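Secondary and tertiary structure notes
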Number of protein chains: 2
Amino acid sequence: MINIVKLDDKNKNYYTDNLKSRAEAVQKDVVIAVEKILENVKENGDKAVIEYTNKFDSNTINSSNIKITKEEIEKAYTVVEREFIDAIKLSKENVWFYHEKQKQKSWMVTKEDGIMLGQQIRALDTVGIYVPGGTAAYPSSVIMNTIPAKVAGVKKVVMVTPPSKDGTINPNILVAADIAGVDEIYKVGGAQGVAALAYGTESIPKVDKIVGPGNIYVAMAKRSVYGFVDIDMIAGPSEILVISDETGDPKYIAADLMSQAEHDVLASSILVTTSSELAIKVKEELEVQVKALSRKDIITASLKDYGAIFVVENMKEAIELSNLIAPEHLEVMVKEPFSILGELKNAGSIFLGKYAPEPLGDYMAGPNHVLPTSGSAKFFSPLSVDDYIKKSSFIYYSQEGLKKVKDPIVKIAETEGLTAHANSIKVRFE
Amino acid sequence: MINIVKLDDKNKNYYTDNLKSRAEAVQKDVVIAVEKILENVKENGDKAVIEYTNKFDSNTINSSNIKITKEEIEKAYTVVEREFIDAIKLSKENVWFYHEKQKQKSWMVTKEDGIMLGQQIRALDTVGIYVPGGTAAYPSSVIMNTIPAKVAGVKKVVMVTPPSKDGTINPNILVAADIAGVDEIYKVGGAQGVAALAYGTESIPKVDKIVGPGNIYVAMAKRSVYGFVDIDMIAGPSEILVISDETGDPKYIAADLMSQAEHDVLASSILVTTSSELAIKVKEELEVQVKALSRKDIITASLKDYGAIFVVENMKEAIELSNLIAPEHLEVMVKEPFSILGELKNAGSIFLGKYAPEPLGDYMAGPNHVLPTSGSAKFFSPLSVDDYIKKSSFIYYSQEGLKKVKDPIVKIAETEGLTAHANSIKVRFE
């Protein structure tokens, strides 16, 4: 179970290093296996994709049933609970509302002499979404990866996901994909799914960007095709950090710490508090509440290895530690949560007050739940509409405008030894 | 010299594949050498950095002179031309003006029941800029990589660059760095320079992001530290594509094609025109103008291997080909350039009209000259202020607000098998 630790410089570094060490290391044998799959799919298209799918997932898949049909979607709706459908629709609505606010506009400015400068914003044309199969199949992840693409204006969203042994896809996933607006779904997973999206096959369209979580083979395949297509961040194990003073409710805090601990034995759940009394109460609550939870063993292991309750001298120290760890999820359960918001520099998503538990953000509040992990909130951002657009700058100059800057351009070009650059300016004034 | 080609489906694909093939392949022996350097610097800090610098660049460097002093900067100003200083200052001003327009604002929205949702925008704390040494030392590159960071509000910009054999740095680079506002400069290059920025040493601060071009060792080192810190795109060889109708000036077009061809034998310069008469005239102009240019051999080789003049049936075909190639630089020299701007979907920077030659964008117009290459303009964007910020979302819910979405959250959590997620909501209403 979790340890209560008095913060000092030594354990501060221990914990931040410990968290970072969970980030996925490149595994040589996986890389070799993945490269082989990528090459085979690039070369042989559908044939390779179907061979791998038959071998790894289901021997029922062929080129005529690899694409999910309308009938399969309709059937999924008949076996899924009505309440689940309504919940996913509400989630979509809230996620759409929030992401709409992120939309950037193209712009243009004019300067003297008729000069015009601008920036065009355009949606990516086609995006691929990877959705894991089996127990790691999360409908909420389909919503979070698809909606920002749709808000951005992406024309075609293509989903790939490995089929079960009997050749079917989890109906909850199919319903979530349909509600989210996914345009095409293919029954293929693993590195071969990533390869199909990156290179295109006879059945599966080539995309501009691949997003979504997956196992080590999927992660390595995404890494390999990066540059040829764009990819999202490689996500690490989940994290929550709670900052609380003596006003925090130990019952809520314990429940929230465990909501991340249940994801994975590598997940990290940390409480930083100014109250040693609260620290003890939260520990007690964890011991009580964990008993009733189905993922008890994962939670206990995760709290033991990567969990901690830090007792600090004051709020300033708590904020410093949080900024150092840069957690994926940061809950602020202090008397006046907004009073410290401006000082929280590094975090994926910040949950303010008693009634903003982390799972609210996972499913319903609107902000994206795809967030930077392993301290990367120092430089990475939540998945957003910005991840589904690209920009072009544009420049219009008049003869008069160019004439005024002719000499400085020639000067810099010649200093850099680029005489053909200088020539391109000079020929216009000969 | 360049070929004139009538566009058909076969050569269309040949050219796009040919351009993509120039993208940097991962070289195994380089990767191994780079990994060793990274590990050594991570372990031994300054000691390793200085050993490598003494070995590869200059044996004059030690821990007391690795950091550029105020005196060295002042000395640089005394040996650099007055006109160059003024040109760089004007460039800074124009680049600053354009990038100011890119700044995003933090925002917040309120919903019923006191719900508040928002997105905080913050500058990265510390950024590292890699600047190559020797003949590839471009002061304009220092401006383009530094100014967006300063506009974003980055607190500290740290530059690394390999010293010459005598232990000095190109004075043009020092002056440009000083004008751009670089805060600290260190005499270290190669993979060891990247390692120092990624891990920090006794002398050199750890950064959040590393940007700037470099050789294959630098590129591989950046790839390796990605995730531990952020990096910019890995840039490929330069490209220009010119779209022109019969109104294009062959003299200008030839000069502009060569301004990119001179960068590298791998650079690609392509003209797409509806006028076969113009095609012939441009070819003639290339043959005339190249004779007077100092980089004649590079230009001739580049135009031969990766250059082409495509004659197409109509403007629609020209636009389609340009969108397929997705060039880094796109010049539009047609009668009414703005009339087709909206159809140009994939390009790093678009130059409109006769008086917007590519070198204007490299040095002076304002938009960034760090641009996506090798067809990646389909999904990547010019370097911008957005590359020096990070976002955090935030969520505030009232008890009433949470109560209304309690059941849908629990439903999704339980469907996903995440009972501790459901528990975190439930405990708040027990």
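The structure displayed is predicted, hence computed values, not measured ones.

Some points on the UniProt feature "binding site: Zn(2+)" (unreviewed entry) in chain A
Per the UniProt record, the feature "binding site: Zn(2+)" (unreviewed entry) sits at Gln 260, His 263, Asp 362 and His 421 of chain A. The largest pairwise C-alpha distance within this set of annotated residues, which runs over 162 residues, is 56.0 Å, so the set is dispersed in three dimensions. Mapped onto the secondary structure, His 263 of chain A falls in the loop between α10 (250-261) and β10 (268-273). Residue classification places His 263 of chain A among the partly exposed positions, given a relative accessible area of 26%. With residues up to four places along the chain from it excluded, the contact list for His 263 of chain A reads Tyr 138, Ser 238, Arg 295 and Ile 298 of chain A together with Leu 418 and His 421 of chain B. Looking at where Asp 362 of chain A falls in the secondary structure, it is placed in helix α15 (residues 358-363). With near-sequence residues (within four places) excluded, Asp 362 of chain A lies in contact with Ser 140, Met 144, Gln 260, His 329 and His 369 of chain A together with His 421 of chain B.

Details of the interface of chain A and chain B
Of the residues lining the interface, 117 residues belong to chain A; the matching set on chain B comes to 117 residues. Where chain A abuts chain B, roughly 10500 Å² becomes buried across the two surfaces, and 60% of that area is made up of carbon and sulfur atoms. The tally of links between chain A and chain B comes to ten salt bridges. Note that Glu 81 of chain B is salt-bridged to Lys 411 of chain A, the shortest N-O span being 3.0 Å.

A word on the domain arrangement of chain A
Each assigned domain of chain A is listed here: domain 1 (4-23 + 236-365), domain 2 (28-231) and domain 3 (399-429). Between the C-alpha centres of domain 1 of chain A and domain 3 of chain A there is a distance of 58 Å.

Some details on helix α5 (residues 82-100) of chain A
The terminal C-alpha atoms of α5 of chain A, which comprises 19 residues, lie 27 Å apart, in line with the 27 Å expected from a rise of 1.5 Å per residue. What α5 of chain A keeps buried is the set Phe 84, Ile 85, Ala 87, Ile 88, Ser 91, Asn 94, Val 95, Tyr 98 and His 99 of chain A.

A word on the side chain of Ser 384 of chain B
With respect to the helices and strands, Ser 384 of chain B occurs in the loop between α15 (358-363) and β14 (389-396). One polar contact links Ser 384 of chain B to Lys 391 of chain A, side chain to side chain, over a distance of 3.3 Å.

Description of the sheet that holds strand β4 (residues 126-130) of chain A
Residues and elements named next belong to chain A. Across the sheet, which stays open at both edges, the five strands sit in the order β6-β5-β4-β7-β8 with parallel pairing between neighbours. Each edge of the sheet is formed by a strand with only one pairing partner; in this case those strands are β6 (184-186) and β8 (230-231). Bridge analysis of strand β5 (residues 156-160) against β6 gives three bridges, and the strand direction is parallel. What sits directly across from Val 160, in β6, is Tyr 186. Running over the sheet, helix α6 (residues 139-152) touches β4, β5 and β7 (209-211) and is turned about 160 degrees from β5.

Examining the pairing of strand β13 (residues 349-352) of chain A
Residue alternation in β13 of chain A divides its side chains into two sets, Ser 349 and Phe 351 of chain A and Ile 350 and Leu 352 of chain A, and both sets are buried. Here strand β12 (residues 329-333) of chain A pairs with β13 of chain A via four bridges, running parallel. Residue pairing for β13 of chain A: His 329 of chain A is matched across the bridge by Ser 349 of chain A. Across four bridges, β13 of chain A lies against β14 of chain B in parallel orientation. Counterpart to Phe 351 of chain A in the pairing with β14 of chain B is Ile 395 of chain B.

So, the packing of aromatic side chains
Summed over the entire model, instances satisfying the criterion amount to 17 aromatic pairs over all chains. Here the aromatic rings of Phe 338 of chain A and Tyr 396 of chain B are separated by 5.5 Å at their centres, their planes lie at 55 degrees, and the arrangement is tilted. Of this pair, Phe 338 of chain A sits in helix α14 (residues 338-341) while Tyr 396 of chain B sits in strand β14, placing the two residues on different chains. Note on Tyr 396 of chain B: relative accessible area 24%, which makes it partly exposed. One aromatic cluster is present, formed by Tyr 226, Phe 379 and Phe 380 of chain A together with Tyr 226, Phe 379 and Phe 380 of chain B through successive ring pairs. Lys 111 of chain A extends its terminal NZ or CZ atom over the ring of Phe 97 of chain B, reaching a point 4.4 Å from the ring centre. Taking the ring centre of Phe 228 of chain B as reference, the NZ or CZ of Lys 42 of chain B above it sits at 5.7 Å.

Quick word on the environment of Ile 85 of chain A
Residues and elements named next belong to chain A. Counting through the fold element by element, Ile 85 comes out in helix α5. Residues Ile 85 and Ala 176, 91 residues apart in the sequence, show an inter-C-alpha distance of 7.8 Å. Among all residues touching Ile 85, those that are not within four sequence positions of it are Tyr 77, Val 80, Val 175 and Ile 179.

Some remarks on the nonpolar core
Leu 360 and Tyr 397 of chain A together with Leu 360 and Tyr 397 of chain B are the most contacted members of the largest nonpolar core, which totals 142 residues. If we skip the residues at most four places from it in the chain, Tyr 397 of chain B touches Leu 352, Tyr 355, Ala 356, Leu 360, Met 364 and Ala 365 of chain A together with Ile 115, Leu 117, Leu 402 and Val 405 of chain B.

Section: the UniProt feature "binding site: NAD(+)" (unreviewed entry) in chain A
Residue and element names in this part refer to chain A. What UniProt calls "binding site: NAD(+)" (unreviewed entry) maps, in this numbering, to Tyr 130, Gln 192 and Asn 215. Across 86 residues, the annotated set stays spatially compact, with a maximum C-alpha separation of 12.6 Å. Structurally, Gln 192 is set in helix α8 (residues 190-199). Beyond its immediate sequence surroundings of up to four residues, Gln 192 is in contact with Ile 37, Val 41, Val 49, Tyr 52, Thr 53, Phe 56 and Asp 57.

Let's talk about the sheet that holds strand β2 (residues 107-110) of chain B
The mixed open sheet is built from nine strands, whose spatial order is β1(A)-β11(A)-β10(A)-β9(A)-β12(A)-β13(A)-β14(B)-β3(B)-β2(B). Taken across any chain shown, the strands that pair with only one partner, and hence form the sheet edges, are β1 (4-6) of chain A together with β2 of chain B. Ignoring which end each strand starts from, the neighbouring axes of this sheet average 20 degrees apart. Of the strand pairs in this sheet, β10 of chain A and strand β11 (residues 308-311) of chain A are connected by four bridges, and their pairing is parallel. When the sheet's bridge partners are listed, Leu 271 of chain A is paired in β11 of chain A with Ile 309 of chain A. Docked against the sheet, α5 of chain A engages β2, β3 (116-123) and β14 of chain B, running at close to 40 degrees with respect to β3 of chain B.

A word on the pairing of strand β10 (residues 268-273) of chain B
Side chains on a regular strand alternate between the two faces of the sheet. Residues and elements named next belong to chain B. Counting buried positions along β10 yields six of six residues, so the element is predominantly enclosed. The pairing of strand β9 (residues 239-244) with β10 spans six bridges and is parallel. Within the sheet, the bridge partner assigned to Ile 243 lies in β10 and is Val 272. Between the parallel elements β9 and β10, the chain passes through helix α10 (residues 250-261) in a crossover that is right-handed.

Parameters and conventions
Residues numbered from 1 in each chain as written. Chains lettered and ligands numbered in written order. Predicted model: local features only at pLDDT ≥ 70, side-chain atom pairs only at ≥ 80, totals over all residues. Heavy atoms only, no water. UniProt positions renumbered as here; feature names shortened; annotations may be inferred. Helix = DSSP H or I, 4+ residues; strand = E, 2+ residues; numbered from the N terminus. Buried < 20%, exposed > 50% of the residue type's maximum accessible area, 1.4 Å probe, protein only. Contact = heavy atoms within 4.5 Å. Buried area = accessible area lost by both parts, 1.4 Å probe. Salt bridge = Lys/Arg side-chain N within 4 Å of Asp/Glu carboxyl O. Domains from an automatic or database assignment. Expected span 1.5 Å × (residues − 1). Polar contact = N/O pair within 3.5 Å; in protein donor to acceptor, adjacent residues only side chain to side chain. Pairing = 2+ DSSP bridges. Axes fitted to C-alpha atoms, helices over the stretch in contact; angles between N-to-C directions. Phe/Tyr/Trp six-rings, centres within 6.5 Å; stacked < 30°, edge-to-face > 60°. Lys NZ or Arg CZ within 6 Å of the ring centre and 35° of its normal. Core = buried A, V, L, I, M, F, W, Y, C linked by side-chain atoms within 4.5 Å. Right-handed = clockwise from strand over helix to strand, strands pointing away.

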